Amino acid sequence: MDSSLWLPLIGIPIIVAGFALRFNPLLVVISAGLATGLAVGMDPALLLETFGEKFMNSRQLASIMLILPVIALLEKFGLKERAQSWVRSIRSATTGRILMLYFVLRQFTCSLGLISLGGQAQTVRPLLFPMAEGTALAKYGELPENLRDKIAAHAAACDNVALFFGEDIFIAFGAVLLMTGFLKENGITDIEPLMIGLWAIPTALCALVIHLVRLSWLDAQIAREFELWQQSQHIALREQA
């Protein structure tokens, strides 16, 4: 078989090996791109120009570089403690209710194209998780590590699921335009972005209902796991005595 057919795929094993060896993801991806470009005979100057053009067209990396120091400073000066203190003052607040409220708001704003209003780095880590954890701390006091991890996982999942199913409703979203272009290239010409956005609404509503049901059980799960942890602590203390 002609080796020229396989050379463009050289970046795939580089990415697999780099991630498996836990190298820096950004360096792995850049190395894979450079290797692929050189393997197919791209001029080095053109290759660097392509990298620069793609970097300038995508502002996500630059945004993260600006956001992370700001979040770090806010956390250093007590953002987490402030969020937990505020949420403890709300008597009706529970971990499940806070996450349910965030999920509804996040999916609604994503459906309007306001994707940057939330996110793991700028919202979940510094605000949502401390607030969800704070309500549990106010009710139970000290929490075991597995419960803290459980709350953190649910907080992260809220953002991911709401974003994934909400953004497809917004017809100017890149993935919707990509799907429309792909279908038209393959002979399906009667598809428009509006149709994809409308058909995404039932899926988003199903995801909303299913995830809210899961979150409605979360408070009971926390109470049960905390009780089991307390029992294990009492047994351990009796054995030591």
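Each remark here, short or long, concerns the structure printed above.
Anyway, here's the lowdown on the structure attached to this text.

## Points about the overall build of the chain
Point 1. Summing up its helical and strand segments, the chain has 11 helices and zero strands in all.
Point 2. Reading the chain from its N end, one meets helices and strands in the order α-α-α-α-α-α-α-α-α-α-α.
Point 3. In the chain, 68% of the contacts between residues at least 6 apart in sequence involve partners at least 24 apart.
Point 4. Surface exposure of the chain reaches about 15700 Å², of which carbon and sulfur atoms provide 68%.

## Description of the packing of aromatic side chains
Point 1. This model, assessed by the stated rule, comprises three aromatic pairs.
Point 2. Ring centres of Phe164 and Phe165 lie 5.1 Å apart, and the angle between their planes is 80°; this geometry places the pair in the edge-to-face category.
Point 3. What makes Phe164 exposed here is its relative accessible area of 51%.
Point 4. On the basis of relative accessible area, Phe165 is assigned to the partly exposed category, the value being 26%.
Point 5. Members of the aromatic cluster, each reached through a chain of ring pairs, are Tyr140, Phe226 and Trp229.

## Remarks on the pattern of salt bridges
Point 1. Applying the stated criterion across every chain, the model contains four salt bridges.
Point 2. Of the charged contacts in the structure, one is a salt bridge between Glu145 and Arg148, with a shortest N-O distance of 3.6 Å. Of this pair, Glu145 and Arg148 both sit in helix α8 (residues 145–166), separated by three residues, roughly a single helical turn.
Point 3. Looking at Arg148, the relative accessible area reads 24%, which means it is partly exposed.
Point 4. Salt bridges here are not isolated pairs; linked through shared partners, they connect Glu133, Glu145 and Arg148.

## Details of the side chain of Thr180
Point 1. With respect to the helices, strands and loops of the structure, Thr180 is situated in helix α9 (residues 174–185).
Point 2. With a relative accessible area of 5%, Thr180 lands in the buried category.
Point 3. Dropping the residues within four chain positions of it, Thr180 is found in contact with Ile191, Glu192, Pro193 and Ile196.

## Quick look at the nonpolar core
Point 1. Counting 23 residues, the largest nonpolar core has Ile98, Leu99, Leu128, Leu143, Ile151, Ala155 and Cys158 as the members making the most contacts within it.
Point 2. Looking at this core, the elements with two or more residues in it are α6 (95–111), α7 (120–140), α8, α10 (193–216) and α11 (218–240).
Point 3. Top contributing element to this core by residue count: α7, with six residues.
Point 4. When neighbours within four sequence positions are excluded, Ile98 is seen to be in contact with Val87, Ala93, Leu128, Met131, Ala132 and Thr135.

## Focus on α8
Point 1. Between its terminal C-alpha atoms α8 stretches 32 Å, which fits the 32 Å expected from 22 residues at 1.5 Å a residue.
Point 2. On its buried side, α8 packs onto α6, α7, α10 and α11.

## Comments concerning a nonpolar patch on the surface
Point 1. Taken together, the side chains of Ile171, Leu194, Leu198, Ile201 and Leu205 present a nonpolar region at the surface, about 440 Å² in accessible area.
Point 2. Topologically, Leu194 is positioned in helix α10.
Point 3. With relative accessibility at 52%, the residue Leu194 sits in the exposed group.

## Describing α6
Point 1. Counted at 1.5 Å a residue, the expected span for α6 with its 17 residues is 24 Å, and the 25 Å between its end C-alpha atoms agrees.
Point 2. Considered for burial, the residues of α6 that qualify are Thr95, Gly96, Ile98, Leu99, Tyr102, Phe103, Arg106, Gln107, Thr109, Cys110 and Ser111.

## Examining the side chain of Thr135
Point 1. Mapping Thr135 onto the fold places it in helix α7.
Point 2. Relative accessible area serves as the criterion here: at 9%, Thr135 is assigned to the buried category.
Point 3. With residues up to four places along the chain from it excluded, the contact list for Thr135 reads Val87, Ala93, Thr94, Thr95 and Ile98.

## Here we look at the packing of α6 against α10
Point 1. Closest axis-to-axis distance for the α6/α10 pair is 9 Å, and the angle between their directions is 170°. It follows from the interaxial angle that α6 and α10 lie roughly antiparallel. Contacts between α6 and α10 involve Gly96, Leu99, Met100, Phe103, Val104 and Gln107 from the former and Ala204, Ala207, Leu208, His211, Leu212, Leu215 and Ser216 from the latter.
Point 2. In terms of residue class, the contact of α6 with α10 is made up of nine nonpolar, four polar and no charged.

What counts and how
Each residue is numbered by its place in its chain's sequence as written, counting from 1. Reporting in this predicted model follows two pLDDT cut-offs: at least 70 for local features of residues, and 80 or more for side-chain atom pairs to be given and counted; totals over whole chains, interfaces and linings ignore these cut-offs and use all residues. Hydrogen atoms and water are omitted, and side-chain values are computed over all heavy atoms in the structure. Numbering of helices and strands runs from the N terminus; a helix is a DSSP stretch of H or I covering at least four residues, while a strand is a stretch of E covering at least two. Pairs of residues are marked as contacts when any of their non-hydrogen atoms sit within 4.5 Å. With residues, only the protein chains shown are counted as cover, and all accessible areas are computed by Shrake-Rupley using a 1.4 Å probe. Ring pairs are drawn from Phe, Tyr and Trp, using the six-membered ring of Trp, whenever the two centres fall within 6.5 Å, and their geometry is named by plane angle: stacked under 30 degrees, edge-to-face over 60, tilted for the rest. We call a residue buried when its accessible area falls under 20% of the maximum for its residue type, exposed when it is over 50%, and partly exposed in between, using a 1.4 Å probe and counting protein chains only. We define a salt bridge as a side-chain nitrogen of Lys or Arg found within 4 Å of a carboxyl oxygen belonging to Asp or Glu. We call a set of buried Ala, Val, Leu, Ile, Met, Phe, Trp, Tyr and Cys residues a nonpolar core when their side-chain atoms join them within 4.5 Å. In this scheme, a helix's expected span is set at 1.5 Å multiplied by one less than its residue total. The patches reported here contain residues having more than 30% relative accessible area and no salt bridge. Joining distances are 9 Å for like charges and 5 Å for nonpolar side chains (Val, Leu, Ile, Met, Phe, Trp, Tyr). Axes here mean lines fitted to C-alpha atoms, for a helix over just the part in contact, with angles spanning 0 to 180 degrees between N-to-C directions. Any angle that falls under 35 degrees is termed roughly parallel, while one over 145 is termed roughly antiparallel, one within 65 to 115 roughly perpendicular, and all others oblique. Charged means Asp, Glu, Lys or Arg here, nonpolar means Ala, Val, Leu, Ile, Met, Phe, Trp, Tyr, Cys or Pro, and polar covers whatever is left, Gly included.

Geometric values such as these leave the question of function open.
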